[in-house]
Amino acid sequence: KEVETQAKLANVVVLATGGTIAGAGASAANSATYQAAKVGVEQLIAGIPELSKLANVRGEQVMQIASESITNENLLQLGRRVSELADSKDVDGIVITHGTDTLEETAYFLNLVEKTDKPIIVVGSMRPGTAMSADGMLNLYNAVAVASSKEARGKGVLVTMNDEIQSGRDVSKMINIKTEAFKSAWGPLGMVVEGKSYWFRLPAKRHTMDSEFDIKNIKSLPDVEIAYSYGNVSDTAYKALAQSGAKAIIHAGTGNGSVSSRVVPTLQALRKDGVQIIRSSHVNAGGFVLRNAEQPDDKYDWVVAHDLNPQKARILAMVALTKTNDSKELQRMFWEY
Ligand SMILES: NC(=O)C[C@H](N)C(=O)O
């Protein structure tokens, strides 16, 4: 009987990368002071015996780092492993445990480059497993539940935090001290409660199977950097980033991606030198940057990031630049993805 049930359960692989979900503190009262990336994947899985009722779960330690230290090489390594597993007949769903600081970047990257309709769920936690009311256990349980469900197929890369199912494209870490940390300006796609998913909406942007990008064709990622804007901003950072070899600079602009008059001439000159200029907004609840609003993008040959925050704009720019350096093509991609 047991063998029969196991055969019916989905096969889910948990790829562990580190983060607070694998963190450990000195005492149970340490919810904010701890070391990330300490606990191995086997221990994470063993800590939730209920997983065996949801799926046949096995783990793989891909790396063990705090996500603020993730590199483009790490992204490619993870992306390639996800792709290999997705191609395997024995795998029905993939869960990635990840630090929350750059979780939204990794989720968006995978959403762009993985050619599969199998569920890929990225999950983290805000408190280490050693803390009182640690959130990692339930977040991971929910991730495995969604990864093993048929309804999650074809919905792009997803994130399960705080009982919500979010689109990996839209979701962003909005606050760093609450378990209710991840939000999307356009709302969650669904909820997961007691291991069951409840769906309410679908992503509208191109992703995974419908994406023109494929991790199998990406050898390396170009250098794309971000410059932050604020009152009295100077052009020093923009110039330095270009000098260090950035192929594109994401302008993390104020408001609707506005650019200080002190910086405009430098950005015009950098564009003439071949650097792509991409205007985004760093407003917290979600930016919305439109072409030729605030700045004459057509005239300057700049690109707008639309609703992508600066760190997500960096991900799309890197992936897009592996295919084209044409600013019109880049702009098309920023509307479509
Ligand atoms: N909550 C977390 O996971 C934060 C941690 N610094 C990380 O991103 O790895």
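Residues numbered from 1 in each chain as written. Predicted model: local features only at pLDDT ≥ 70, side-chain atom pairs only at ≥ 80, totals over all residues. Heavy atoms only, no water.

If you look the protein up in an unreviewed UniProt entry, it shows as Asparaginase from Pseudomonas monsensis. Listed under Sequence similarities (unreviewed entry) in UniProt, the entry text for the protein is "Belongs to the asparaginase 1 family." (UniProt positions renumbered as here; feature names shortened; annotations may be inferred.)

Caption draft 1: Representation of the sheet that holds strand β3 (residues 93-97) within the structure. Here we have eight strands laid out as an open sheet, ordered β2-β1-β3-β4-β5-β6-β9-β10, and mixed in their pairing. Strand pairing shows two members of the sheet lacking a second neighbour, β2 (55-65) and β10 (196-199), which therefore form its edges. Each neighbouring strand pair of the sheet contributes to a mean axis angle of 25°, computed without reference to strand direction. Pairing analysis gives eight bridges linking strand β1 (residues 10-18) to β2, with the strands arranged parallel. Within β2, the position partnered with asparagine 11 by the bridge is asparagine 56. (Pairing = 2+ DSSP bridges. Helix = DSSP H or I, 4+ residues; strand = E, 2+ residues; numbered from the N terminus. Axes fitted to C-alpha atoms, helices over the stretch in contact; angles between N-to-C directions.)

Caption draft 2: Quick look at the UniProt feature "domain: L-asparaginase N-terminal" (unreviewed entry) in the protein. As annotated in UniProt, the feature "domain: L-asparaginase N-terminal" (unreviewed entry) corresponds to residues 11-199 in the numbering used here. Its end C-alpha atoms 22 Å apart, residues 11-199 is made of 26% helix and 25% strand.

Caption draft 3: Structural view of the UniProt feature "domain: Asparaginase/glutaminase C-terminal" (unreviewed entry) in the protein. According to UniProt, the "domain: Asparaginase/glutaminase C-terminal" (unreviewed entry) feature falls on residues 223-334. Its end C-alpha atoms 18 Å apart, residues 223-334 is made of 37% helix and 17% strand.

Caption draft 4: Spotlight on the packing of helix α4 (residues 72-87) against helix α5 (residues 103-113). Interaxial distance between α4 and α5 falls to 11 Å at its minimum, and their mutual angle equals 50°. Between α4 and α5, the interaxial angle falls into the category oblique. Considering only the axes of α4 and α5, their crossing is right-handed. On α5, the residues touching Leu75, Leu76, Leu78, Gly79 and Val82 of α4 are Thr106, Phe109 and Leu110. Considered class by class, the residues forming the contact of α4 with α5 number six nonpolar, two polar and no charged. (Parallel < 35°, antiparallel > 145°, perpendicular 65-115°, else oblique. Left-handed = near helix turned anticlockwise from the far one by under 90°. Contact = heavy atoms within 4.5 Å. Nonpolar A, V, L, I, M, F, W, Y, C, P; charged D, E, K, R; others polar.)

Caption draft 5: The sheet that holds strand β12 (residues 248-253), seen in detail. Sheet architecture is open: four strands sit in the order β11-β12-β13-β14, paired in parallel fashion. Where the open sheet ends on each side, the last strands, each with one partner, are β11 (224-228) and β14 (303-304). Pairing of β11 with β12 involves five bridges; the strand directions are parallel. Each bridged residue has a counterpart across the sheet, and for alanine 227 the counterpart in β12 is histidine 251.

Caption draft 6: Layout of the site of the ligand. If you check the shell around the ligand, you find Gly19, Thr20, Tyr34, Ala66, Ser67, Glu68, Gly99, Thr100, Asp101 and Ser125 and nothing else. Glutamate 68 is positioned such that a nitrogen or oxygen atom in its side chain is 2.9 Å from a nitrogen atom of the ligand. A distance of 3.0 Å separates a nitrogen atom of the ligand from a polar atom in the backbone of serine 125. Looking at the shell around the ligand, its residues break down into two nonpolar, six polar and two charged. (Near = heavy atom within 4 Å. Polar contact = N/O pair within 3.5 Å; in protein donor to acceptor, adjacent residues only side chain to side chain.)

Caption draft 7: Inspection of helix α11 (residues 327-336) at higher detail. Among the residues of α11, Ser327, Leu330, Gln331, Met333 and Phe334 are the ones counted as buried. Buried residues of α11, seen end-on, are gathered within an arc of 160° and therefore sit on one face of the element. Buried residues in α11 make contact with α8 (264-272), β13 (276-281), β14 and α10 (310-321). (Buried < 20%, exposed > 50% of the residue type's maximum accessible area, 1.4 Å probe, protein only. Arc of directions from axis to C-beta.)

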